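# Results of the structural survey
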Amino acid sequence: MNLVSIRIITANIENLVKFYEQITDIIAIQYTPDFAELKTSTATLAIGSTRTLQFFGGESVAQPAENRTAIIEFLVDDVDGEFDRLKNVISPYIVQEPTIMPWGNKSMLFRDPDGNLVNFFTPVTKESVEKFTTKQD
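In every chain, residue numbers begin from 1 and rise along the written sequence. In keeping with the model being predicted, local features are shown solely for residues with a pLDDT of at least 70 and side-chain atom pairs are shown and tallied solely at 80 or more, while totals for entire chains, interfaces and linings include all residues. Here the side-chain values reflect all heavy atoms present in the structure, with hydrogen atoms and water set aside.

## Focus: the packing of aromatic side chains
- Stacked, tilted and edge-to-face are the three classes assigned to paired rings of Phe, Tyr and Trp, where Trp is represented by its six-membered ring and a pair needs centres within 6.5 Å; plane angles under 30 degrees give stacked, over 60 edge-to-face, the rest tilted. Using the criterion set out here, one finds 7 aromatic pairs in the structure.
- Here Y31 and F35 contribute two aromatic rings whose centre-to-centre distance is 6.1 Å and whose plane-to-plane angle is 35 degrees, an arrangement assigned as tilted.
- Ring centres of F110 and F120 lie 5.3 Å apart, and the angle between their planes is 75 degrees; on these two criteria the pair is classed as edge-to-face. Taken together, the positions of F110 in strand β7 (residues 105-111) and F120 in strand β8 (residues 117-123) put the pair 10 residues apart, joining distant regions of the chain.
- Under the scheme applied here, a residue whose accessible area is under 20% of the maximum for its type counts as buried, over 50% as exposed, and between as partly exposed, the area being computed with a 1.4 Å probe on protein chains only. By relative accessible area, which is 0% here, F110 ends up buried.
- Under the relative-accessibility criterion, F120 is labelled buried at 1%.
- One aromatic cluster in this structure is built from F19, Y20, F74, Y93, F110 and F120. Helical segments are the DSSP runs of H or I of at least four residues, strand segments are the runs of E of at least two, and each set is numbered from the N terminus.

Shown next as structure tokens:
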């Protein structure tokens with residue numbers, strides 16, 4: 001089994017797609033006005049409008065901008081460089097500037113415009129680097 005995608009439901013798809021394109025430098029594939037995907041080499045971040053909830057049983061299935069438990073994480077080559085590049089974009093949303101975490105990653109945490117937590121991280125300890133360079137089964 002492989003995790004292939006995480007989907008965010010939003011009331012403002014245009015704004016959220018633009019934000020994720022800007023922070024990732026990935027152009028979204030906009031399949032319809034209500035659904036887009038940002039594809040990386042390992043997984044996809046899907047963004048759907050609240051209108052897509054009709055296919056899953058209605059708007060009570062998910063509520064946009066209500067998540068307080070999940071963190072969307074991106075492995076980046078240089079978290080400090082990303083922080084400098086994005087400072088102006090993410091400044092209203094910063095939760096934590098680049099900080100070395102106890103498990104060996106240097107991490108910066110911020111929210112997207114809907115309030116979802118986003119983590120950009122770079123492994124910095126030997127163990128953490130090995131974890132991300134060794135093939136995972």
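Once the structure has been displayed, the description carries forward.
## Description of the confidence of the model for the chain
- For the chain, mean pLDDT is 92; residues scoring 70 or higher make up 94% of the total.
- Per-residue confidence from the prediction method is given by pLDDT, with values spanning 0 to 100. Mean pLDDT values for the elements of the chain range from 90 in helix α3 (residues 126-133) up to 98 in β7.

## Considerations on helix α1 (residues 13-24)
- By this rule the span expected of a helix is its residue count minus one, scaled by 1.5 Å. For α1, with 12 residues, the first-to-last C-alpha span of 16 Å sits near the 16 Å given by 1.5 Å per residue.
- Within the span of α1, buried status applies to I13, L16, V17, F19, Y20, I23 and T24. On an axial view of α1, the arc spanned by its buried residues comes to 160 degrees, and they lie on one face. Counted as exposed and oriented over 90 degrees from the buried face of α1: E14 and K18.
- Positive backbone phi, approximately 60 degrees, marks D25, located one or two places after α1. Here the arc refers to the set of directions running from the helix axis out to each C-beta atom.

## Focus: the sheet that holds strand β3 (residues 35-39)
- Paired strands, as defined in this entry, are two strands with at least two bridges between them according to DSSP. Strand order across the open sheet formed by 4 strands is β1-β4-β3-β2, with mixed pairing between neighbours. Both outer strands of the open sheet, β1 (5-10) and β2 (29-32), are each paired with one neighbouring strand and no more. On average, each strand axis in the sheet is inclined to that of its neighbour by 20 degrees, with strand direction left out of account.
- The pairing of β3 with strand β4 (residues 44-49) spans 5 bridges and is antiparallel. By the bridge assignment, F35 is partnered in β4 with G48.
- Any two residues having at least one pair of non-hydrogen atoms within 4.5 Å are treated as being in contact. To obtain each axis, a line is fitted to C-alpha atoms, and for helices this fit is confined to the stretch in contact; angles are then taken between N-to-C directions over 0 to 180 degrees. Contacts from α1 reach β1, β2, β3 and β4 within the one sheet, and its direction differs from that of β4 by about 160 degrees.

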